[in-house]
Every structure is written in C-alpha cells, then in structure tokens.
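Observations on the model geometry
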Amino acid sequence: YTGSLTRVAGDQIELAAYTSTNEAAAGALRSLFPRSLQSGGPAAQTVRDRAPVNIADQQTDPQVPEPVRAMAHVSGHRSVVWVPLLRHDEAVGGIGVTRAEPGGFTGDEIELLKTFADQAVIAIENVRLFTELREKNEALTVAHAQVSETLEQQTATAEILRVISSSPTDVQPVFDVIVERAVRLCGARFGRVYRFDGGVIDMVAGHGLSP
C-alpha cells in the first residue's frame, strides 16, 4: 500500500524515501522524522534489534506509540513490516511497507523485502566508496603529489566499481577488468586471476596471454 526507507544519522533515524496515498498521509509520515534511535515504533525498533518487525494492525496495536498509530489512521494502512538495512552487523537504516488490510506479512514476503534491503545497502556502500575516491582525488590534486599515477589508480578503481555496480549477478566481467587494469598499472606483460575452492585452483581470467 505504501513504502518507506530510513537511514541512520548519528543517534537519529531520518526519512530517506517514501511513497504515499495523498499529501495528508505524506505529511503525517514526514512529521515523525527525524526521530531518536531510542524512540518507539517499528522504524526505530528494526534498527535497534537488527531484525524484522511485523505488525498485524498498526492502528490498534497498543505497543505502537500513539503518534505512529495516528499516522496509520491518516494513511489508511493496517499491516506494516520493517526490515533493517544491514551493512555487516551494523544497521544503517530500514525499509518498511504497509498494507491496507490487517494481518501482517508472511515469511516469504519478509524474505523478499530483505533482498531489497540488501540492494539498498549495496547502493549506499557504492556511493560511500565513490565519495571516498572523489575526496582522495581532490586531496591529491591539491597536494600536487604523484597526481598522475594516483589518479590513474583511482580511475582504475572507479572503473572496477562501476563494473561491480553494473554486473551484480555475474563476477566474470569484474575479474576481466581487474586483471586488465592490474597489468596496465603495473607495466606487466600479462596477468591472471585464480579462484580456490578449497581443493582446486582455477584460472578465471587472464590478460596479455597468447592463445
């Protein structure tokens, strides 16, 4: 019925994205944020517990704070489930969806929502990595120290990150670009990438090799 995504900022939870049925419902949702990590409600609880929170009827559940129940009345939803955005073991936010009917969500639906949470974390991590690369490049430019070589390395890293982002289900393009950039940056004649499964070593990518 509706959906929301939050992000942790210090000791608070901020609303990062949402869908809504009307402006009144959107306004009621926005009024709840930012909110303390220690506040009541499923959005904060899923972050604190690092686990899904499945509520059968948010309009009537006595454990839900009154402002959150009031928001549910304005929105018109009953069921709600939140899952955390987990980076390693740290909760960096949450995704919540609602349904107009009471009854909560099934285990399969919660597992599906977890996959979207994982994708959101990948997107956040990619942005963080790109931001770090940009900041490092700016600092190196200001310092005028080994700018050309360092920028080439950062560019190669950024190219690899772009391939990772554009190929989330296939690692082969990532291996191919890694070995090609490694050969180029090291001034080597050829390079290879191997994988080890505990018993067998396989060559999975190569560059500069003859047939």
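As the structure is a computational prediction, the values presented were derived from the model and not from experiment. (Residues numbered from 1 in each chain as written. Predicted model: local features only at pLDDT ≥ 70, side-chain atom pairs only at ≥ 80, totals over all residues. Heavy atoms only, no water.)

This part covers the pairing of strand 1 (residues 3-9). Where strand 1 and strand 6 (residues 90-99) come together, five bridges link them in antiparallel fashion. Paired with serine 4 across the strands is glycine 96, a residue of strand 6. Note: strand 1 against strand 2 (residues 12-18), six bridges, orientation antiparallel. Along strand 2, the bridge assignment pairs alanine 9 with glutamine 12. Linking strand 1 to strand 2, which pair antiparallel, is a turn of two residues; within it glycine 10 sits at a positive phi near 70 degrees. (Pairing = 2+ DSSP bridges. Helix = DSSP H or I, 4+ residues; strand = E, 2+ residues; numbered from the N terminus.)

So, on to the packing of helix 1 (residues 23-30) against helix 3 (residues 66-75). Look at helix 1 against helix 3: their axes get within 8 Å of each other, and the N-to-C directions meet at 165 degrees. Put simply, helix 1 runs roughly antiparallel to helix 3. The chirality of how helix 1 crosses helix 3 is left-handed. Facing helix 1, whose interface residues are Ala24, Ala25, Ala28 and Leu29, helix 3 presents Met71, Val74 and Ser75. In terms of residue class, the contact of helix 1 with helix 3 is built from six nonpolar, one polar and no charged. (Axes fitted to C-alpha atoms, helices over the stretch in contact; angles between N-to-C directions. Parallel < 35°, antiparallel > 145°, perpendicular 65-115°, else oblique. Left-handed = near helix turned anticlockwise from the far one by under 90°. Contact = heavy atoms within 4.5 Å. Nonpolar A, V, L, I, M, F, W, Y, C, P; charged D, E, K, R; others polar.)

Over the atoms a probe the size of a water molecule is rolled, and this reveals where empty space is left. Per the counting criterion, the structure on display carries one cavity of 30 Å³ or more. Counted as a void, the largest cavity has a volume near 230 Å³. Every residue lining the largest cavity is counted, 26 residues in all, and those nearest its centre are Ser4, Leu29, Met71, His77 and Trp82. Its residues placed into classes, the lining of the largest cavity shows twelve nonpolar, 13 polar and one charged. (1 Å grid on protein atoms, 1.4 Å probe; cavity = no way out; pocket = protein on both sides within 12 Å on 5 of 7 lines; lining within 4 Å. Points joined across faces, edges and corners; volume = space filled by probe spheres on them.)

Attention shifts here to helix 2 (residues 42-49). Listing the buried residues of helix 2 in full gives Pro42, Ala43, Ala44, Thr46 and Val47. Positive phi shows up at arginine 50, right after helix 2, with a value of about 55 degrees. (Buried < 20%, exposed > 50% of the residue type's maximum accessible area, 1.4 Å probe, protein only.)

Together, Phe190, Tyr194, Phe196, Ile201, Met203 and Leu209 make up an exposed nonpolar region whose accessible area comes to about 640 Å². The set of elements that each furnish at least two residues to the nonpolar patch consists of strand 7 (191-196) and strand 8 (201-207). Note that phenylalanine 196 resides in strand 7. (Patch = residues over 30% accessible without salt bridge, like charges linked within 9 Å, V, L, I, M, F, W, Y side chains within 5 Å. Areas by Shrake-Rupley, 256 points an atom, 1.4 Å probe, with all protein chains shown as cover. Salt bridge = Lys/Arg side-chain N within 4 Å of Asp/Glu carboxyl O.)

Averaged over the protein chain, the pLDDT score is 91; the fraction of residues at 70 or greater is 98%. Mean pLDDT per element in the protein chain: helix 5 (residues 147-166) is the minimum at 78, and strand 4 (residues 53-55) is the maximum at 97. (pLDDT = per-residue confidence, 0-100.)

Moving on, we get to the environment of glutamate 159. Relative to the helices and strands, glutamate 159 resides in helix 5. Looking at glutamate 159, the relative accessible area reads 17%, which means it is buried. Sequence-distant contacts of glutamate 159, that is, excluding residues within four places in its chain, are made with Arg181 and Arg184.

With that out of the way, let us pick up the pairing of strand 6. Most of strand 6 is tucked away, with seven of its ten residues classed as buried. With nine bridges joining them, strand 5 (residues 79-87) and strand 6 adopt antiparallel strand pairing. Among the inter-strand pairings, valine 80 is bridged to a residue of strand 6, identified as threonine 98. In this antiparallel pair of consecutive strands, strand 5 and strand 6, the connection spans two residues, and histidine 88 shows a positive phi of 60 degrees.

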